[in-house]
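# Architecture at a glance
For reference, the chains in residue letters:
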Amino acid sequence: MHELACYQCKEALSAFHCKDCFGTMELYCQDCIKWNSTFFKEISLKSLDPHVQLGHPPREHCIKPMAVSVVDNFVIIESNGIHNIGLDFCGCETAQSCIKQLLSSTYEFYHTLKCHSDNTGLSEPKDCYEAFMQMIHECRVHNPDGPENTQPGDCVVMCPTCPHPGINLLVNWETVGALLSWLYTLFLTIDANFHLKYKNVLNNEVDSGVGSGWGYFVDETDYKSYVSAQLNDIQEKITCLGHTTVNMADTKVSHGLAEMGIGTVDCSRHGFKLPHGVRDLQKGERYLNMDYMFFSVLQHHPVKFFFVSYDIPCQWSKKLWTQMLNMLPALQFDGQGKAMEFGVPKFHLPAHKEPCQMLYSLNFLPVVG
């Protein structure tokens, strides 16, 4: 028995300490910890009115604490359970944003667990902080107003160096001359991957996605409705030499497969996946699949200059704008006052006929270099 006053009521003698609580060696009396001489009474942590203060070291009080919300319903998922608690952000003039205060707590949480594993530094566990943060980012909804207000593409990590009006472009970027247009050109590349196959399942609801359309994949419902309406159409054959992927799209064996691969529209300069730039392919690399992804990506990039790299632009771009008119109104692209160039990657260029090699060579096209 310690001859010390209870840390909470300041009156009765204290004898008990919780090893999971914040602080060092705060001791509490029997009444404050709800001990009835036989067992601990079940009581929520929030009813004891503890408040976790962010933005300050433990036991340091904030002069301008801000509650998370009016209802104060913050939940902590800890290694020892799920707890409803009171949480206060720091409202001091030097305080960081609320998001950064929470992320700082994440850093402290991870390293607290690391110290619990080995506090001597002699046999430290493998550093998993990056993987831990990736798990958090994968489950995070970017809209502070909640999932119901999350817009299509909101959960994507955008390419930081691609042109984004209102973010990383000058105010007068739209008025620059042709010689400087390359500074504000969005460089896109289109391709497909047939190693990522998806087998048929009895019910898609068993393995349904969370937040369809919030990330890199286009919304499944609209996409499949568009594709299924034209899936049995025979598309125009390629007349350029050496490219069989598209010509064989209607003959590929898809027995037992729901999807034969995926198509992507990426940032070709920096390798970033783009919002709504990924979707599955049902019968090979068909124009209608790639069209849908391409125009979905354009909706997220309100710039004036585009350069598109694709294996077969000589064929694909022929009826691109006609095909656009068959799409949903939300995917209609207004080309007025905008410029778009097409090119072929150097690896694929030798398979084209000589006229195509001259027209689509990256060596001769403007703004590429």
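Data block above holds the structure.
Residues numbered from 1 in each chain as written. Predicted model: local features only at pLDDT ≥ 70, side-chain atom pairs only at ≥ 80, totals over all residues. Heavy atoms only, no water.

## Details of the overall build of the protein
Applicable threshold: Only runs of H or I of at least four residues qualify as helices and only runs of E of at least two qualify as strands under DSSP, and these elements are numbered from the N terminus. Relative accessible area decides the class of each residue, using a 1.4 Å probe on protein chains only: under 20% of the type maximum gives buried, over 50% gives exposed, and in between gives partly exposed. Residue contacts follow a heavy-atom distance rule, with two residues in contact if any of their heavy atoms lie within 4.5 Å.
Helix and strand counts for the protein come out as seven helices and eleven strands. Taking all 369 residues of the protein together, the buried fraction comes to 35%. If you take every contact in the protein between residues at least 6 apart in sequence, the share linking residues at least 24 apart comes to 62%.

## Quick notes on the pairing of strand β5 (residues 185-193)
Put simply, the rule reads: Any two strands with at least two DSSP-identified bridges between them are counted as paired.
Sheet topology places β5 next to strand β10 (residues 305-309); five bridges connect them, and they run parallel. Looking at the pairing, threonine 185 lines up with phenylalanine 305 of β10. Pairing analysis gives six bridges linking β5 to strand β8 (residues 261-267), with the strands arranged antiparallel. By the bridge assignment for β8, asparagine 193 is matched with isoleucine 262.

## A short note on the nonpolar core
Put simply, the rule is: Buried Ala, Val, Leu, Ile, Met, Phe, Trp, Tyr and Cys residues form a nonpolar core when they are joined through side-chain atoms within 4.5 Å.
Among the nonpolar cores identified, the biggest contains 47 residues, and Leu188, Ile190, Phe294, Phe295, Leu298, Trp316 and Met340 are the most heavily contacted of them. If you look at the next biggest cluster of nonpolar residues, it comprises five residues, including Val52, Ile85, Leu87 and Phe89.

## Digging into the side chain of arginine 279
On the secondary structure map, arginine 279 appears in strand β9 (residues 273-281). Leaving out residues up to four positions away in the same chain, arginine 279 has contacts with Phe217, Val218, Asp219, Glu220, Tyr223, Gly261, Ile262, Gly263 and Met293.

## With respect to the packing of helix α3 (residues 220-230) against helix α4 (residues 287-298)
Put simply, the rule reads: Angles shown run from 0 to 180 degrees and are taken between the N-to-C directions of axes, each axis being a line fitted to C-alpha atoms and, for helices, limited to the stretch in contact. Any angle from 65 to 115 degrees is called roughly perpendicular, while one under 35 is roughly parallel, one over 145 is roughly antiparallel, and all others are oblique. Left-handed describes a crossing in which the near helix is turned anticlockwise from the far one by less than a right angle; the clockwise case is right-handed. Side-chain classes follow a simple rule in which Ala, Val, Leu, Ile, Met, Phe, Trp, Tyr, Cys and Pro form the nonpolar group, Asp, Glu, Lys and Arg form the charged group, and the remainder, Gly included, forms the polar group.
One can describe the packing of α3 onto α4 by two numbers: an axis separation of 10 Å at closest approach and a directional angle of 150 degrees. As far as their axial angle goes, α4 and α3 are roughly antiparallel. Classified by chirality, the crossing of α4 by α3 is right-handed. Residue-level inspection shows Asp222, Tyr223, Tyr226, Val227 and Gln230 of α3 in contact with α4, the latter providing Leu288, Asn289 and Tyr292. Partitioned by chemical class, the residues of the contact of α3 with α4 number five nonpolar, two polar and one charged.

## Observations regarding the sheet that holds β8
Ordered by their spatial adjacency, five strands build an open sheet running β9-β8-β5-β10-β11, and the pairing between neighbours is mixed. The strands lining the two open edges of the sheet, one partner per strand, are β9 and β11 (339-343). Along the sheet, successive strands turn relative to each other by an average axial angle of 20 degrees, direction set aside.

## Brief notes about the packing of aromatic side chains
For any pair of aromatic rings, the description consists of the separation of the ring centres together with the inter-plane angle of the planes. To be explicit about the condition: Only the six-membered ring of Trp is used, alongside the rings of Phe and Tyr, when aromatic pairs are assigned; centres must lie within 6.5 Å, and planes under 30 degrees apart are stacked while those over 60 apart are edge-to-face, with the rest tilted.
A full pass over the atoms with the stated rule returns 13 aromatic pairs. Relative to tyrosine 292, the ring of tyrosine 223 has its centre 5.3 Å away and its plane inclined at 70 degrees; by these criteria the two rings are edge-to-face. Residue tyrosine 223 is found in helix α3, and its partner tyrosine 292 is found in helix α4; the two are separated by 69 residues along the sequence. When its relative accessible area of 0% is taken as the criterion, tyrosine 223 is described as buried. Relative accessible area serves as the criterion here: at 4%, tyrosine 292 is assigned to the buried category. Feature note: the residues Phe294, Phe295, Phe306, Tyr310, Trp316, Trp321, Phe333 and Phe342 constitute an aromatic cluster, connected by ring pairs.

## Quick look at the pattern of salt bridges
Rules: Any carboxyl oxygen of Asp or Glu within 4 Å of a side-chain nitrogen of Lys or Arg constitutes a salt bridge here.
On inspection of all chains with the given rule, the structure shows five salt bridges. Across the salt bridge formed by lysine 224 and glutamate 220, the nearest N and O atoms sit 2.9 Å from each other. Of this pair, lysine 224 and glutamate 220 both sit in helix α3, four residues apart, which is roughly one turn of the helix. Using a relative accessible area of 27% as the deciding quantity, one classes lysine 224 as partly exposed. For glutamate 220, a relative accessible area of 30% translates into the label partly exposed. Between glutamate 259 and lysine 224 there is a salt bridge, with the nearest N and O atoms lying 3.7 Å from each other. With a gap of 35 residues between them, glutamate 259 in strand β7 (residues 257-259) and lysine 224 in helix α3 connect regions that are remote in the sequence. One network of salt bridges, with partners in common, ties together Glu220, Lys224 and Glu259.

## Let's talk about α3
Definition in use: What the arc measures is the spread of directions leading from the helix axis to the C-beta atoms. What qualifies as a polar contact is a pair of N or O atoms within 3.5 Å, subject to a donor-acceptor requirement within protein and to the restriction that residues adjacent in sequence count only when both atoms come from side chains.
Listing the buried residues of α3 in full gives Tyr223, Tyr226, Val227 and Gln230. Buried residues of α3 fall within an arc of 90 degrees about the axis and therefore sit on the same side. Summarising the geometry of α3, the exposed residues directed more than 90 degrees from the buried face are Thr221, Ser228 and Ala229. On its buried face, α3 sits against β9, α4 and α6 (320-324). The N-cap of α3, judged by a side-chain oxygen 3.3 Å from the amide nitrogen of threonine 221 a few residues on, is aspartate 219.

## Side note on the environment of phenylalanine 364
Along the chain, the position of phenylalanine 364 falls in the segment after α7 (354-360). By relative accessible area, phenylalanine 364 is classed as exposed at 57%. In this structure the C-alpha to C-alpha distance between phenylalanine 364 and glycine 343, which are 21 residues apart in sequence, comes to 9.6 Å.

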